[in-house]
Structures are given as structure tokens and as C-alpha cells.
Amino acid sequence: MTQQPIQVPSSALSLEFPMSLGVFERYAEAQRAVDHLSDHDFPVQNCLIVGTDLRQVERVTGRLTWGKVLVGGVASGLWLGLFVGLLLSVFGTGGTLAILSSTMVFGAVFGAIWAAAGYAATRGRRDFTSISQVVATRYELLVEHKFAQQGRELLATLDGRTTGPISGAAEGPTSGTTPPPPGV
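In this text, all values refer to a predicted model and were calculated from it rather than measured experimentally.

Trainee: Looking at this model, I keep getting lost on the sheet that holds strand 1 (residues 18–24). Mind explaining?
Mentor: Consider a sheet: its strands pair through backbone hydrogen bonds, and that pairing is either parallel or antiparallel. On the basis of which strands lie adjacent, the open sheet formed by three strands has the order 1-3-2 and antiparallel pairing. Since the sheet does not close on itself, it has two edges, and those belong to strand 1 and strand 2 (47–63), each with one partner. Each strand axis lies, on average, 30° off the axis of its neighbour in the sheet, ignoring direction. Bridge analysis of strand 2 against strand 3 (residues 128–144) gives 15 bridges, and the strand direction is antiparallel. Paired with Glu58 across the bridge in strand 3 is Ser132. The sheet strands contacting helix 4 (residues 148–156) are strand 1 and strand 3, and the helix crosses strand 1 at an angle near 20°.

Trainee: Looking at this model, I keep getting lost on the confidence of the model for the protein chain. Mind explaining?
Mentor: Fine structural detail should not be taken from predicted coordinates in areas where pLDDT scores are low. Across the protein chain, pLDDT averages 83, with 80% of residues at or above 70. Per-element mean pLDDT across the protein chain ranges from 91 in helix 4 up to 94 in helix 1 (residues 27–39). Here residues 161–166 scores under 50 on pLDDT; set against residues more than four positions off or in separate chains, the count is 10 contacts. pLDDT under 50 marks residues 168–184. Its contacts with residues more than four places away, or in other chains, come to 30 contacts.

Trainee: Would you mind going over the nonpolar core with me for this structure?
Mentor: Of all hydrophobic cores here, the largest spans 18 residues; its most connected members are Leu21, Leu37, Phe42, Cys47, Leu141, Val143 and Leu155. Elements represented by at least two residues in this core include exactly strand 1, helix 1, strand 3 and helix 4.

Rules of the game
- Residues numbered from 1 in each chain as written.
- Predicted model: local features only at pLDDT ≥ 70, side-chain atom pairs only at ≥ 80, totals over all residues.
- Heavy atoms only, no water.
- Pairing = 2+ DSSP bridges.
- Helix = DSSP H or I, 4+ residues; strand = E, 2+ residues; numbered from the N terminus.
- Axes fitted to C-alpha atoms, helices over the stretch in contact; angles between N-to-C directions.
- Contact = heavy atoms within 4.5 Å.
- pLDDT = per-residue confidence, 0-100.
- Core = buried A, V, L, I, M, F, W, Y, C linked by side-chain atoms within 4.5 Å.
- Buried < 20%, exposed > 50% of the residue type's maximum accessible area, 1.4 Å probe, protein only.

Shown next, in the form of C-alpha cells:
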């Protein structure tokens, strides 16, 4: 049985005729612009912050060795064994301590074997640990076309500015109608 991803209605993540109010280098700047609009009674429910120019960043955190693989497998197996043991002791009869200890031992052995098999299958092609994240390098603030001029005027007063749109604001609709919703 496969689990289907949660679907967010695309209408909640799109605008009918979006226009750009500005492009920001950091998400916090785009948030600050929307907050400024909200503080001035702008209908912010017509805004959309879109992260663009996506890239994956991977931080190498260390060397992966057989010892680390086996310890990680044993630890994962212990947790799985503890969980199964708790379920069996709640719904079964018998000594709780005996059930917990035996399921934890079986879990640890199973975890070590499973981790070793997975690591051996890589044949040394990935002997390091890392964490990764997909990040946007720019954030564009879009607004429904009927509120674009009002939004530009309000954002022009952000940080004491009194003239001109923020960098990257377009006068017309953005290229394409709406960005695709996440997960598409």
C-alpha cells in the first residue's frame, strides 16, 4: 500500500494574475515586506512569496566507517525492538521485562545486519555522512494584479524610502502565470 502525499489545493498556492512587487535575496526580507504591507492594512491574503533559483546544499559532517555504521544500526534496532516489545507487553501476557529485553536484543541484531548490508552494498562509493537541504537563492513577492500599484506604493515607504519600487519589481505580469505548487 503506497501512501499518497497530502494535496494542497492549487488555488491556495496561486494567484490569478500575479504581478511582482520585488525580488529579495533572503526570505526574511520578503517576510518583512509582507509584514510592512500588513501593518498598513494591505490585503496580504493576495500575496505569494515564491522561492526561485533552487539549489541543493550538502554539508559533509564526517567520515563513515564500519564502526559508525554498526553502532547506528544497533541503536536503531534497539529502538525498534523497544517499540515492538512495548506493544507485545501491552497486548500480550507474560513477563514484561523478558519481552522487552528479548525484542531489544533481536532488534539490535537485526539493525546491525541491515545496516551492514546497506553499507556493503555501496562498495565504498559514499564513505561519508552529510546533511542536505534544498534552498532558494531568491524570493519573489507576487501580488494579485489589482493590488500591485497599492503594494508598490506601500513598499516604497519601507525603510524610509519615498520613491521607486524595490529592486526587481516588474511593471507587468511575471513570466508564466503562476508558479507550480510545492511537490509537483
